[in-house]
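# Topology and contacts: notes
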Amino acid sequence: MPAVSRERFLRWFAELAGIGRTDTGWNRLAWTPLEVEAQEWFRGAAESIGLEVRRDGAGSLWAVTPGAGDGPYVCAGSHVDTQPDGGAYDGALGVVCALEAVAAVLESGQPRSRPLAVISFVDEEGARFRTACFASRAIAGELDVDAVIGAMGEAPKIHGVTRESLLASREELRRVGAFLEVHVEQGKALVDRGQALGIADVLAPRSRYRAAFEGESNHAGTTPMAGRRDALVEAARFILAVDEAARARPGAVATVGRIEVSPGSTNSIPGRVECTLDARAPEVETVEDLVAGLRGRFPDARIEQESRNTGARFDSGLRAALYASAESAGVPVGDLPSFAGHDAGILAPHVPAAMIFVRNPTGASHTPAEFASDDDCVAAAQVMAGALAELAR
Ligand SMILES: [Zn+2]
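Residues numbered from 1 in each chain as written. Predicted model: local features only at pLDDT ≥ 70, side-chain atom pairs only at ≥ 80, totals over all residues. Heavy atoms only, no water.

### Regarding the overall build of the chain
From N to C terminus, the chain includes 12 helices and 16 strands. Against the globule reference of 21 Å for 393 residues, the chain gives a C-alpha radius of gyration of 23 Å, in line with a compact fold. Based on the C-alpha atoms only, the size of the chain along its principal axes is roughly 80 × 45 × 40 Å. A buried classification covers 55% of the 393 residues belonging to the chain. Relative to all contacts within the chain whose residues are 6 or more apart in sequence, the contacts with residues 24 or more apart total 78%. A total of about 16200 Å² of accessible surface is found on the chain, and carbon and sulfur atoms cover 50% of it. Taking the average location of the 39 positive side-chain charges in the chain and that of its 54 negative ones, the two points are 2 Å from each other. (Helix = DSSP H or I, 4+ residues; strand = E, 2+ residues; numbered from the N terminus. Rg over C-alpha atoms; globule rule 2.2 N^0.38 Å. Buried < 20%, exposed > 50% of the residue type's maximum accessible area, 1.4 Å probe, protein only. Contact = heavy atoms within 4.5 Å. Areas by Shrake-Rupley, 256 points an atom, 1.4 Å probe, with all protein chains shown as cover. Lys, Arg positive; Asp, Glu negative; His and termini not counted. Charge placed at Lys NZ, Arg CZ, Asp CG, Glu CD.)

### As for the pattern of salt bridges
What the rule picks out here adds up to 30 salt bridges. Residues E304 and R302 are paired through a salt bridge, measuring 3.3 Å at the closest nitrogen-oxygen approach. A salt bridge links D376 to R359; its shortest N-O distance comes to 2.8 Å. Separated by 17 residues along the polypeptide, D376 in helix α12 (residues 374-392) and R359 in the loop between β16 (353-358) and α12 bring together distant segments of the chain. (Salt bridge = Lys/Arg side-chain N within 4 Å of Asp/Glu carboxyl O.)

### Quick look at the coordination of the zinc ion
The coordination sphere of the zinc ion contains the protein donors H79 (NE2), D90 (OD) and H183 (NE2), at a distance range of 1.9 to 2.3 Å. Linear spacing of the donor residues for the zinc ion on their chain is H-x10-D-x92-H. Separated by 104 residues along the polypeptide, H79 in strand β5 (residues 73-79) and H183 in strand β7 (residues 176-184) bring together distant segments of the chain. The same class applies to H79 as to H183, namely buried. (Donors = N, O, S within 2.8 Å, 3.2 Å for Na, K, Ca; no water.)

### A few points about the side chain of S120
Counting through the fold element by element, S120 comes out in strand β6 (residues 116-121). When its relative accessible area of 0% is taken as the criterion, S120 is described as buried. A distance of 2.5 Å separates the side chain of S120 from the side chain of Q39, its partner in a polar contact. (Polar contact = N/O pair within 3.5 Å; in protein donor to acceptor, adjacent residues only side chain to side chain.)

### Some words on the packing of aromatic side chains
Applying the stated criterion across every chain yields a total of 8 aromatic pairs. With 6.3 Å between their ring centres and 10° between their planes, F9 and F13 make a pair best called stacked. Of this pair, F9 and F13 both sit in helix α1 (residues 6-17), 4 residues apart, roughly one helical turn. When its relative accessible area of 11% is taken as the criterion, F13 is described as buried. (Phe/Tyr/Trp six-rings, centres within 6.5 Å; stacked < 30°, edge-to-face > 60°.)

### Notes on the packing of α1 against helix α3 (residues 92-108)
As a packed pair, α1 and α3 sit with axes 10 Å apart at the nearest point and diverge in direction by 145°. For the element pair α1 and α3, the recorded crossing hand is right-handed. Touching R8, F9, W12, F13 and L16 of α1 are A92, L93, V96, C97, L99, E100, A103, A104 and E107, all from α3. Its residues placed into classes, the contact of α1 with α3 shows 11 nonpolar, no polar and 3 charged. (Axes fitted to C-alpha atoms, helices over the stretch in contact; angles between N-to-C directions. Left-handed = near helix turned anticlockwise from the far one by under 90°. Nonpolar A, V, L, I, M, F, W, Y, C, P; charged D, E, K, R; others polar.)

### Here we look at the domain arrangement of the chain
How big an interface is tends to be reported as the loss of accessible area on association of its parts. For the chain, the assigned domains are domain 1 (6-203 + 311-392) and domain 2 (206-308). Computed over C-alpha atoms only, the centres of domain 1 and domain 2 are separated by 36 Å. (Domains from an automatic or database assignment.)

### Quick notes on the nonpolar core
Side chains that are nonpolar tend, in soluble globular proteins, to be buried together. Judged by nonpolar contacts, the single largest core of 67 residues is most densely connected at L93, L180 and L388. Residues within four places of L93 in sequence aside, it is in contact with F9, F13, V182, H183, V184, V358 and C377. Judged by nonpolar contacts, the second largest core, of 39 residues, contains L143, A200, L336 and M355. (Core = buried A, V, L, I, M, F, W, Y, C linked by side-chain atoms within 4.5 Å.)

### A closer look at helix α5 (residues 145-152)
Within the sequence span of α5, burial applies to V145, V148 and M152. Along the axis of α5, the buried residues cluster in a sector spanning 75°; they form a single face. More than 90 degrees from the buried face of α5, the exposed residues found are G150 and A151. The inward-facing, buried residues of α5 abut α4 (134-139) and α6 (163-168). Just downstream of α5, G153 is the residue with a positive phi angle, here 60°. (Arc of directions from axis to C-beta.)

### Some remarks on a nonpolar patch on the surface
Together, L232, I239, I259 and V261 give the surface a local cluster of nonpolar side chains, amounting to about 260 Å² of exposed area. Within the element layout of this structure, I259 appears in strand β11 (residues 259-262). With a relative accessible area of 41%, I259 lands in the partly exposed category. (Patch = residues over 30% accessible without salt bridge, like charges linked within 9 Å, V, L, I, M, F, W, Y side chains within 5 Å.)

### Section: helix α9 (residues 284-297)
The terminal C-alpha atoms of α9 lie 20 Å apart, and with 14 residues this matches the ideal 20 Å at 1.5 Å per residue to within 8%. The inward-facing, buried residues of α9 contact β9 (206-214), α8 (231-247), β10 (253-255), β12 (272-280) and β13 (302-309). (Expected span 1.5 Å × (residues − 1).)

What follows is the structure, given as structure tokens:
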């Protein structure tokens, strides 16, 4: 059984957390010099434990055991970019856990028949160009390369990424024999259950829609209430119905996060409103049923699907390895669905993938308030080390 070093884990975590830290949070935005600095920190840490580091065509760094060749590797990793004013744990925790777990496996001297790799993905947050999970989608062949290259201007150059290198990065997927990712929990389920870690079972399906409401714009003073067709009033009813529909379905969540009002003037009746709808649930049928209900209640609204993610089931073999490792480490764990996108979730339909969530006492995410205790973080690294050792045996 490999044993992680608490001292090294904490030192590495503190070093990475020192990059892009500001008074208002962590600001290692993708495709900026601070993401480059974090990637260079990763390179140094990986090389210090004897790994060989190279960059792929999407800009991600791969640190592999010497002689690994083309794999396939037993992989672990996450990302080093953050949201604007993000937290210290999202992404960084997964990268440091992966490095520490691999270090522990190498130090254990246990014989291995499969090479190991730590991947530091670029631009997981998608905060600048709405390109969430950029690098994992690139290798999974799920990135619209021409569209993103068109939209991102000069930005990709900072990691040496071009249209051609992005297309070529699809070749990387066959090097991934398995992928494990540790992530801070983005909620408080583990706190409520008294468990340090959660083993992801599903990535919840998600659908995004645009809803449009047509009314009639007119003067706010001279138009009596009786004759009005106020599109915003109808949209307001819709928003309340969305909230109600999600609450009525166990495990479902639904959000109207953006709204555009036309003409958007103080003394005009809104004639047209468009809003977004994001709906997620552990089962895809629940999402579809929720939206069908809304269509039924608002027959005059135009509700169009913008994107659809059918979710993913995490690999049962990897989950079993994580459970076995947690048991031998004496760490309390349980199943936990993921309601947010992650690189592991992008890879899951293509290669065996699994995730470990770490208890987050504040339940906060994408803010500096997100948190996990040192004990829980080190436990996650230890559980990952045990699983990696088993998978590489
Ligand atoms: Zn993340």
